[in-house]
Amino acid sequence: MTQEINIIPYIQRAQDARGTAVVIDTYRGSSLINALFGLGAQEIHPIWHVDEAREIKQSLMRQHNNVLLIGEMDGITPKDFDFGNGLDALVTNPNNASRINGAQIVYVSTNAVKGILEASRSKANEILVGSPLNRGALLHYLADKKEVTLLPVGERDCGEQRYAEEDMLYANYVKDILEGKKPNYEEVRCAILRGKSAQLATQYDAEFDRDYCLNIDFYDTLPALRDGKLINIRNGNKNGKR
């Protein structure tokens, strides 16, 4: 089967997506989303505005016992959020990880959520969330899709190159595999680690998240947007950790 595979960088162009759209925000949005489902989250509600997210949490708490507010805006975690956007605090702390299991998650982020919401306004048939962590599940699902749009949505605020190189590198890696090529992931990983985002991770003591986000096939998860919320459609698998 001949596939049409396109890469569209920048959040503002996510509305141009067609076919099956895949939002990629490696550091850290799409990686955190996969980790949350890997830890057993029930549903994730992507919300752009912090105040709206607080209202959604209060509304969900009328129907669910376990509702968590997670994320950041412009790199800052609001004081009343249960967790920030970092993976370290969740995946290395058993008590924190246990709180995710079965939870309704209200999630705010600067790039990933905006990319998801912008893509939801496109003519795409469906919207998925991809990262190295769920590489195998994503590639398996995309293998028979006629049209795929990869959306590397991470952005920086400095220099002419506004897109985050790690997202573009990973999008090209996925595209190459779907086209029957055999790219070397270790080469991609090393290129990402040489990039600006990886340097900033070191500067801000986020080396754990930097390295964790680049693990491949760590979760058997496939987040998909359905009726405004993300669910894990990978074989109905609740806990996706391999």
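Residues numbered from 1 in each chain as written. Predicted model: local features only at pLDDT ≥ 70, side-chain atom pairs only at ≥ 80, totals over all residues. Heavy atoms only, no water.

Observations regarding the overall build of the protein
In step 1: Helix and strand counts for the protein come out as 10 helices and nine strands.
In step 2: In summary, the protein has a C-alpha radius of gyration of 17 Å against a globular reference of 18 Å for 242 residues, a match within 12%.
In step 3: When the backbone C-alpha atoms are referred to their principal axes, the protein occupies close to 50 × 40 × 35 Å.
In step 4: Taking all 242 residues of the protein together, 53% fall into the buried category.
In step 5: Carbon and sulfur atoms make up 43% of the accessible area of the protein, which amounts to about 11,200 Å² in all.
In step 6: Positive and negative side-chain charges of the protein, numbering 29 and 33 respectively, have mean locations separated by a distance of 3 Å. (Helix = DSSP H or I, 4+ residues; strand = E, 2+ residues; numbered from the N terminus. Rg over C-alpha atoms; globule rule 2.2 N^0.38 Å. Buried < 20%, exposed > 50% of the residue type's maximum accessible area, 1.4 Å probe, protein only. Areas by Shrake-Rupley, 256 points an atom, 1.4 Å probe, with all protein chains shown as cover. Lys, Arg positive; Asp, Glu negative; His and termini not counted. Charge placed at Lys NZ, Arg CZ, Asp CG, Glu CD.)

Some thoughts on helix α9 (residues 196-203)
In step 1: Restricting attention to buried positions, one finds in α9 the residues S197, A198 and A201. Angularly, the buried residues of α9 cover 100 degrees about the axis, an arc narrow enough to put them on a single face.
In step 2: Tucked into the core, α9 has its buried residues touching α7 (165-178), α8 (185-193) and α10 (207-212).
In step 3: The positive-phi residue at the C-terminal boundary of α9 is D205, with phi of around 55 degrees. (Arc of directions from axis to C-beta. Contact = heavy atoms within 4.5 Å.)

Some points on the pairing of strand β8 (residues 223-226)
In step 1: Where β8 and strand β9 (residues 229-232) come together, four bridges link them in antiparallel fashion. When the bridges of β9 are listed, P223 appears paired with N232.
In step 2: The turn linking β8 back onto β9 is made up of two residues, and D227 within it adopts a positive phi angle of 55 degrees. (Pairing = 2+ DSSP bridges.)

Remarks on unusual backbone geometry
In step 1: Cis peptide bonds are those with omega within 30 degrees of zero, and the linkage from Y27 to R28 qualifies with -5 degrees.
In step 2: Mapped onto the elements, R28 comes out in the loop between β2 (20-24) and α1 (29-38).
In step 3: Not every positive phi belongs to a glycine, and Y10 is a case in point at roughly 80 degrees.
In step 4: Locating Y10 in the fold gives a position in the loop between β1 (4-7) and β2.

With respect to α1
Given 3.6 residues to a turn, an α-helix orients residues that are three or four positions apart in the same direction.
In step 1: Of all 10 residues in α1, 10 are buried; the element is thus mostly enclosed.
In step 2: Buried within α1 we find G29, S30, S31, L32, I33, N34, A35, L36, F37 and G38.
In step 3: Downstream of α1 by a residue or two, G40 has a phi angle that is positive, lying close to 100 degrees.

Things to note about the pattern of salt bridges
In step 1: Under the defined criterion, the tally for this structure stands at 17 salt bridges.
In step 2: Notably, a salt bridge pairs E43 with K229, separated by 3.2 Å at the nearest N-O pair. Here E43 is found in strand β3 (residues 43-46), whereas its partner K229 is found in strand β9, with 186 residues between them in sequence.
In step 3: Given the relative accessible area of 16%, E43 is considered buried.
In step 4: Residue classification places K229 among the partly exposed positions, given a relative accessible area of 25%.
In step 5: Measuring nitrogen to oxygen at the nearest pair gives 3.6 Å for the salt bridge that ties E126 to K145. With E126 in strand β6 (residues 126-130) and K145 in the loop between α6 (135-142) and β7 (147-152), this pair connects stretches of sequence that are 19 residues apart.
In step 6: Members of the salt-bridge network, linked through shared partners, are K175, D176, E179 and K181. (Salt bridge = Lys/Arg side-chain N within 4 Å of Asp/Glu carboxyl O.)

Some words on the environment of L36
In step 1: Note that L36 resides in helix α1.
In step 2: Overall, L36 belongs to the buried group, its relative accessible area being 0%.
In step 3: Distance in space between the C-alpha atoms of L36 and V91 is 9.1 Å, their sequence separation being 55 residues.
In step 4: Other than its neighbours up to four places away in sequence, L36 contacts A41, I44, I70, L90, I100 and I105.

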